[in-house]
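Coordinate inspection notes
One-letter residues, chain by chain:
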Amino acid sequence: MNFPATRLRRLRRTPALRSLVRETHLHPGALLYPLFLCPGVGIRKEISSMPGVFNLSIDEAVKEAEACAALGLGGLLLFGLPAEKDDQATGAYAENGIVQQGLRALKSNRALDSLVLIADVCLCEYTSHGHCGIVSKDGDHYEIENDSSLELLSKTAVSLAAAGADIVAPSDMMDGRVEAIRTALDAVALADTPILSYASKFASAFYGPFREAADSAPQFGDRRSYQMDGANIREAMREIDLDVAEGADMVLMKPALPYLDVIRAARERFDVPLGAYQVSGEYSMLHAAFQRGWLEPDRAILESLTSIRRAGADFIVTYFAKVAAKLLA
Ligand code: PBG
C-alpha cells in the first residue's frame, strides 16, 4: 500500500516516536579513547593538529583515565612516545618502556577497573626511521622486512601483556604477526590475553595528525608496501580471514568514515567482534569545520559515530569518545 495510506513521516513526528523506532544506538561502553603517553611529570601537551587531544605524562594520563571511567567509556587504547628511538625499536619491548610503565600505573588504580586497557602493538613510534618494522637498506633501496619484524612485534606484545594490557592490538600490517604473537603469548602463560588485530588497515592520508601525536612519521618512503591499497575491498576480506585463522579474537577496521563499505562487508561476512577506528584525520577534519562554525559539533560528532555503528562496527575507537559520552549521558 502506497501513499496516502502509507506515510513514513507518521513515525518521525515526535522525539518519543523517533526514539522508539531508532535502529542504531550509541553507548559510551562501546567507545574506546586513545591516549598518547610521554615521559616526564605534569605534562599535558596539546597536539596542534588535534585540538583537545594531548601527549600526557603518566600522572596526567591516570587523571584522564579516571575521567574516562567516570564517563562510562569502554576502555583506552594506549600509544607511547619513548624518550629515545633506535633502529631495533628497543623502547617498544623494554621492561620499563613508556607504555609498560603506564599500564602498571593504570592497572594499580582500582577506580579504573571498568576500563579495558588495550595496548597498540607497533614499532613505528619506537624506530628512528618511523617504519612499522625492521628496515634493511642497500644504497637507495630499502625494504621493510617482514619475518624479522615478527620477532620484535611478538616481544612487544608479550611485554605489554605482562605489564597488564587486557588486550594487545597489532597495527603494523606484517604478514603472520597474529600467529607469531599468539604463539609467543601462549608460550609464557599469557594464553588469556586476547588479540585485537588491525586486520583491515589501509595506507591512508587520514593518519597524518596521528603521526604528529605519536611522533611516528616515516623518515623516508611511505607505508604502502605493508598497509593496504585503499581501492581494495576483497583484499581487506582476505586480511581479516587470515587474521581470524591465525587466532585474532576481534578485528579492527581503519580508517572508518572513508571505508564504511568495507566495515559493512566485514560485518556481513565475519562473526568476530568488529571495531572501527575513527582516525586522527577524521577527527581533525571535523574539528577544522567546527572551528570555522561550518558544522554543528554535537550533531556532527554523533552522526559520524552513528554511521560507523550502522555500517556494522560493534565498538569504535575515537578521539571524540569523551565528548560523545557526555552528549549521550
Ligand atoms: C601505528 C598506528 C597508526 C595509527 C594507529 N596505529 C599510524 C600509522 O599507521 O601510520 C593511526 C591512528 C590515527 O590516525 O588516529 N602503526
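Below you will find a few notes about this structure. Predicted, not measured: the structure shown is a model, and the values here were computed from it.

Calculation notes
Residues numbered from 1 in each chain as written. Predicted model: local features only at pLDDT ≥ 70, side-chain atom pairs only at ≥ 80, totals over all residues. Heavy atoms only, no water. Helix = DSSP H or I, 4+ residues; strand = E, 2+ residues; numbered from the N terminus. Buried < 20%, exposed > 50% of the residue type's maximum accessible area, 1.4 Å probe, protein only. Polar contact = N/O pair within 3.5 Å; in protein donor to acceptor, adjacent residues only side chain to side chain. Contact = heavy atoms within 4.5 Å. Axes fitted to C-alpha atoms, helices over the stretch in contact; angles between N-to-C directions. Parallel < 35°, antiparallel > 145°, perpendicular 65-115°, else oblique. Left-handed = near helix turned anticlockwise from the far one by under 90°. Near = heavy atom within 4 Å. Areas by Shrake-Rupley, 256 points an atom, 1.4 Å probe, with all protein chains shown as cover. 1 Å grid on protein atoms, 1.4 Å probe; cavity = no way out; pocket = protein on both sides within 12 Å on 5 of 7 lines; lining within 4 Å. Sits in = over half its atoms within 2 Å of the grid points. Phe/Tyr/Trp six-rings, centres within 6.5 Å; stacked < 30°, edge-to-face > 60°.

**Re the side chain of Thr-127**
Its location among the elements puts Thr-127 in the loop between β5 (116-121) and β6 (134-138). Accessibility expressed as a relative area gives 2% for Thr-127, which makes it buried. A polar side-chain atom of Thr-127 sits 2.8 Å from the main-chain carbonyl oxygen of His-131. Once you skip the residues sitting within four places of it in the chain, Thr-127 turns out to touch Lys-85, Asp-86, Asp-87, Ala-89 and Gly-133.

**What to know about the packing of helix α8 (residues 233-246) against helix α9 (residues 260-269)**
Contact pair α8 / α9: the axes reach a minimum separation of 10 Å and the direction vectors enclose 45°. With respect to α9, the axis of α8 lies oblique. When the axes of α8 and α9 are compared, the crossing they make is right-handed. For the pair α8 and α9, the contacting residues are Ile-233, Ala-236, Met-237, Ile-240 and Asp-241 in the first and Asp-261, Val-262, Ala-265, Ala-266 and Arg-269 in the second.

**Quick word on the site of the ligand**
Looking at the ligand, there are 18 residues lining it, with Lys-201, Arg-211, Lys-254, Ser-280 and Tyr-319 nearest. Here a nitrogen atom of the ligand and a side-chain polar atom of Ser-171 are 3.5 Å apart. The contact in question runs from a nitrogen atom of the ligand to an N or O atom on the side chain of Lys-254, over 3.4 Å. Protein chains bury 100% of the 400 Å² of accessible surface belonging to the ligand in isolation. Of the pockets mapped on this structure, the ligand occupies the largest cavity.

**With respect to the packing of aromatic side chains**
The relative placement of two aromatic rings is captured by the distance of their centres and the angle of their planes. Applying the stated criterion to the full structure yields eleven aromatic pairs. Ring geometry for Tyr-283 versus Phe-320: centroids 4.6 Å apart, planes at 45°, classification tilted. In this pair, Tyr-283 sits in helix α10 (residues 280-291) while Phe-320 sits in the loop between β12 (315-318) and α12 (321-328), placing the two residues 37 residues apart along the sequence. For the pair Tyr-283 and Phe-320, one class covers both residues: buried.

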